[in-house]
Amino acid sequence: MDTNVLAVFKLLVVGILVNSWMTRGLSATENINVESIPRRPIVALCNETQLLWEMEVCGEEFKRKMDHVDPQNWCNLTHFISEYHLFSLCTETNAERINCYWPNPLVESYIIRIHKLFFSNCTLEWVILVDPPEDTLTILILIPVFLTLAMIALVVWCSKRSDILA
């Protein structure tokens, strides 16, 4: 019994030594050279007041361009895709120009207001999904099953005839 306790104690001591030896090189506090750490450039903060003003400018331009689109076509993106692209580009460019990331919550809330103004009546007609006819469904199920069985048969056949094929 004493030999087992002694063996367990030795194993524990060896385990602790090995663990400390292996993790010694992983410490982040050792051998730090402060001069070698690259310094981040000072980044200007986002001017949210100017950002909101710039979003209003982009929005007003978008509203002027949307006045030329028939309101019945507001739900058809093909009629105003270029105007919407220019609006999106304007918001992105102006946000980045005044050192704000894009999109951010202020820009998103403004874009949502624009969407509510122009596209609130664009309802999505839900498509009712229907199962395919049984003949089509049967074919779609049986083709992969038969292909799998054919591949298994081919592998078995080739493995039995390995002496001839080699």
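Placed above this text is the structure.
An account of the accompanying structure is given in this report. All residue numbers refer to position in the chain's written sequence, counted from 1. Totals for whole chains, interfaces and linings use all residues, but because this is a predicted model, local features are given only for residues with pLDDT of at least 70 and pairs of side-chain atoms are given and counted only at 80 or more. Side-chain measures were taken over the full set of non-hydrogen atoms in the model, leaving aside hydrogen atoms and water.

1. A look at unusual backbone geometry
Across the junction of W102 and P103, the peptide omega takes the value -5°, indicating a cis bond. Along the chain, P103 turns up in the loop between α3 (81–97) and α4 (105–119). A helix here means a DSSP run of H or I that spans at least four residues, while a strand means a run of E at least two residues long, and both kinds are numbered starting from the N terminus.

2. Looking at the nonpolar core
Side-chain atoms within 4.5 Å link the members of a nonpolar core, which is a set of buried Ala, Val, Leu, Ile, Met, Phe, Trp, Tyr and Cys residues. We call a residue buried when its accessible area falls under 20% of the maximum for its residue type, exposed when it is over 50%, and partly exposed in between, using a 1.4 Å probe and counting protein chains only. Within the largest apolar cluster, 18 residues are counted, with the highest numbers of intra-cluster contacts made by L51, F62, M66, F87, I114, F118 and F119. Mapped onto this core, the elements with two or more residues apiece are α2 (48–66), α3 and α4. In terms of residue count, α4 provides more of this core than any other element does, six residues in total. Working rule for contacts: check all heavy atoms of both residues, and any pair within 4.5 Å makes them a contact. For F87, the contacting residues outside a window of four places in its chain are C58, G59, F62, Y110, I111 and I114.

3. Topic: the state of the cysteines
Each disulfide consists of a covalent bond between the sulfur atoms of two cysteine residues. Criterion for a disulfide: a pair of cysteine sulfur atoms within 2.5 Å. Applying the stated rule across the entire model yields three disulfides. Here C58 connects covalently by a disulfide to C90, the sulfurs 1.9 Å from one another. With the S-S dihedral at roughly -75°, the linkage between C58 and C90 falls on the left-handed side. Here the residue C58 occupies a position in helix α2, and C90 occupies one in helix α3, the gap between them amounting to 32 residues. Here C75 connects covalently by a disulfide to C122, the sulfurs 1.9 Å from one another. Between C75 and C122, the S-S dihedral sits near -95°, and the bridge is therefore left-handed. Of this pair, C75 sits in the loop between α2 and α3 while C122 sits in the loop between α4 and α5 (134–160), placing them 47 residues apart in sequence.

4. Some points on the packing of α3 against α4
Helix axes use the C-alpha atoms of the stretch in contact, all axes being lines fitted to C-alpha atoms, and the angles between their N-to-C directions lie in the range 0 to 180 degrees. Contact pair α3 / α4: the axes reach a minimum separation of 12 Å and the direction vectors enclose 160°. Comparing the axis directions of α3 and α4 gives the class roughly antiparallel. Pair α3 / α4 crosses with right-handed handedness. Taking contact as the criterion, the partners of Y84, F87 and T91 in α3 are, on α4, V107, Y110, I111, I114, H115 and F119. Note that the term roughly parallel is reserved for angles under 35 degrees, roughly antiparallel for angles over 145, roughly perpendicular for angles of 65 to 115, and oblique for everything else. It is the rotation of the near helix from the far one that decides the hand of a crossing: anticlockwise by less than a right angle makes it left-handed, clockwise makes it right-handed.

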